[in-house]
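Coordinate inspection notes
In case you want the letters, here they are:
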Amino acid sequence: MNSLDRLIVYSTLKSTGSAHDLIRGAEREADGLVENAEVIEVRGYPMLRPGSGTVPGEVYRIPEDRWGALDDWEAAPRAYLRRRRRLMDGREVWVYEAP
């Protein structure tokens, strides 16, 4: 695995979220913080976007064969974009956020 197999999740994919089954069994790392961001609600769905706050999330190492299903679930790139971000602790991750 490489450094960009990590995903930070902040809502439905979290361990208590309704879509966590999509990443169940993925290795969980220490939680992380996304700087200069905020979570808004768009048509009933949480969405991360640039902002002035800090958004906490759970960080997982995602096996390569699961990215397609995750992109489908997040309707990427139509509803969400998968972008690279650097967390406050320096780790590089993917995050699904507003286009």
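Let me begin by describing the structure that accompanies this report. (Residues numbered from 1 in each chain as written. Predicted model: local features only at pLDDT ≥ 70, side-chain atom pairs only at ≥ 80, totals over all residues. Heavy atoms only, no water.)

A complete count under the given rule lists 13 salt bridges for this structure. Across the pair Glu58 and Arg28 runs a salt bridge whose closest N-O atoms are separated by 3.4 Å. Remark: Arg28 occurs in strand S2 (residues 27–28) and Glu58 occurs in strand S4 (residues 45–61); sequence separation between them is 30 residues. Classification of Glu58 as buried rests on a relative accessible area of 6%. Of the charged contacts, one joins Glu29 and Arg91 as a salt bridge, the two residues approaching to 3.0 Å between their closest N and O atoms. Remark: Arg91 occurs in the loop between strand S5 (81–86) and strand S6 (92–97) and Glu29 occurs in the loop between S2 and strand S3 (32–42); sequence separation between them is 62 residues. Each member of the pair, Glu29 as well as Arg91, carries the same accessibility label: buried. Taken together, the shared-partner salt bridges in this structure form one network comprising Asp5, Arg6, Glu29, Arg61, Asp89 and Arg91. (Salt bridge = Lys/Arg side-chain N within 4 Å of Asp/Glu carboxyl O. Helix = DSSP H or I, 4+ residues; strand = E, 2+ residues; numbered from the N terminus. Buried < 20%, exposed > 50% of the residue type's maximum accessible area, 1.4 Å probe, protein only.)

The next thing to look at is the side chain of Glu58. In terms of polar contacts, Glu58 uses its side chain to reach the side chain of Arg28, at 3.4 Å. Dropping the residues within four chain positions of it, Glu58 is found in contact with Leu7, Ile8, Val9, Lys14, Ser15, Arg28 and Asp31. (Polar contact = N/O pair within 3.5 Å; in protein donor to acceptor, adjacent residues only side chain to side chain. Contact = heavy atoms within 4.5 Å.)

What follows deals with the layout of surface pockets. Of the volumes computed, that of the largest pocket is approximately 310 Å³. For the largest pocket, the lining is made up of 18 residues, of which Tyr45, Pro46, Trp73, Glu74 and Tyr80 are closest to its centre. Sorting the residues of the lining of the largest pocket by element identifies strand S1 (6–9) and S4 as the ones contributing at least two each. Of the residues in the lining of the largest pocket, the class split is 13 nonpolar, three polar and two charged. (1 Å grid on protein atoms, 1.4 Å probe; cavity = no way out; pocket = protein on both sides within 12 Å on 5 of 7 lines; lining within 4 Å. Points joined across faces, edges and corners; volume = space filled by probe spheres on them. Nonpolar A, V, L, I, M, F, W, Y, C, P; charged D, E, K, R; others polar.)

If you trace the backbone, Arg78 turns up in the loop between helix H1 (67–73) and S5. For the pair Arg78 and Ser18, spaced 60 residues apart in sequence, the C-alpha to C-alpha distance is 21 Å.

Scanning the model with the defined rule gives zero aromatic pairs in all. Across from the ring centre of Trp94, 4.9 Å away, lies the NZ or CZ of Arg82, which sits over that ring. (Phe/Tyr/Trp six-rings, centres within 6.5 Å; stacked < 30°, edge-to-face > 60°. Lys NZ or Arg CZ within 6 Å of the ring centre and 35° of its normal.)

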